[in-house]
Amino acid sequence: MIFGVGGGGRRSVGRKLPRRAQASEPAVRRAVTKYAFAGLSARAGATTLALAFADWLARPADRGVAFVGICDEALRLGGNDYDKLGIDRRFAGREYVSCYDRLAHGGSARAIENLDGGVNWLLRVPGEKTAAFDVADYVRLAACAGADVAVLDICGEFGGRDRVAAIQKLLRDCDRVFAVIDPLPSALMADPEKLEMFKAMESVGAEVLYVLNKMNPGVDVRELRAFLKLRDAVEVPFLDPAGVYAAEYNCCTVYAMPKLAPTLEAAFKRMAA
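Worth saying up front: this structure is predicted, and the values here are computed from it rather than measured.

Engineer: Teacher, can you tell me more about the packing of aromatic side chains here?
Structural biologist: Geometry of an aromatic ring pair is reported as the spacing of the ring centres plus the angle between the planes. Within the structure shown, the criterion is met by 14 aromatic pairs. Ring centres of phenylalanine 37 and phenylalanine 178 lie 4.8 Å apart, and the angle between their planes is 50°; on these two criteria the pair is classed as tilted. In this pair, phenylalanine 37 is assigned in strand β3 (residues 33-39) and phenylalanine 178 in strand β8 (residues 176-181), connecting sequence segments 141 residues apart. Residues phenylalanine 37 and phenylalanine 178 agree in their burial class; the two are buried. Aromatic pair phenylalanine 53 and phenylalanine 268: ring centres 5.3 Å apart, planes at 75°, arrangement edge-to-face. Linking phenylalanine 53 in helix α1 (residues 46-58) with phenylalanine 268 in helix α11 (residues 261-272), this pair joins segments that are 215 residues apart in sequence. Neither residue differs from the other here; phenylalanine 53 and phenylalanine 268 are each classed as buried.

Engineer: What is the right way to look at the sheet that holds strand β6 (residues 119-122) in this model?
Structural biologist: To summarise the sheet geometry, strands pair through backbone hydrogen bonds and adopt either a parallel or an antiparallel arrangement. Strand order in the open sheet formed by 8 strands is β5-β6-β4-β7-β3-β8-β9-β10, and the pairing between neighbours is mixed. Strands at the two margins of the open sheet, each flanked by one partner only, are β5 (115-116) and β10 (233-237). Taken together, the 6 bridges between β3 and strand β7 (residues 149-154) define a ladder with parallel strand orientation. From the neighbouring strand, tyrosine 35 faces β7, where its bridge partner is valine 151.

Definitions and cut-offs
Residues numbered from 1 in each chain as written. Predicted model: local features only at pLDDT ≥ 70, side-chain atom pairs only at ≥ 80, totals over all residues. Heavy atoms only, no water. Phe/Tyr/Trp six-rings, centres within 6.5 Å; stacked < 30°, edge-to-face > 60°. Helix = DSSP H or I, 4+ residues; strand = E, 2+ residues; numbered from the N terminus. Buried < 20%, exposed > 50% of the residue type's maximum accessible area, 1.4 Å probe, protein only. Pairing = 2+ DSSP bridges.

So this is what it looks like as structure tokens:
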């Protein structure tokens, strides 16, 4: 009997491995790439950018994109993702399936396809009553979204009293975190604990990219960067309010607005690079 040497010096039996000439290896299913958006303060614009980013990602039809709205409550202070997009209008005449309701009743989100505009929308329905989810449920929801890329929009009120710890647990499972920042000084100082969380994640190797939203000539960029101790950041100009309002009235993202798309595209290319 012939013996060879295996890994770590372990002896192994000499064997033959016949292969058919036409044999080919099946494609390996890659894990879902997860992009997470979290605002440093309330109304930093994280949801607006997250919706637009998902819309931008879906424009090449060769990849599946899912948008996951992560929120403890059906109603949120900054407005519900469902209402921002006008899901009731988008799905008029066809069924919109609530992933939250299905998961709350022990079902799976794998078969849910709320496809519209190339995106699978997995959002809370305003007014629906579901049991409280834990972080593991949200991680599972993003993982089984049936897409190549999942965009997670993390509500500012997510996690309640333990919100920073809950958000941090959720972000650990993401490939890239976009910390969306309103450069208004009062907004910068509103939640020092969350800023410390982003910095702590960076220190242990997490991929955190700071997105300076609503940039305008009134911002003292030097003071802003000094306060945040930034090495790199993506800047997004203050979008024309008329375009932002028009987007909601037309049940679409701000990226779908022709006058806003070029500005956003430049930022999104850097964010996805």
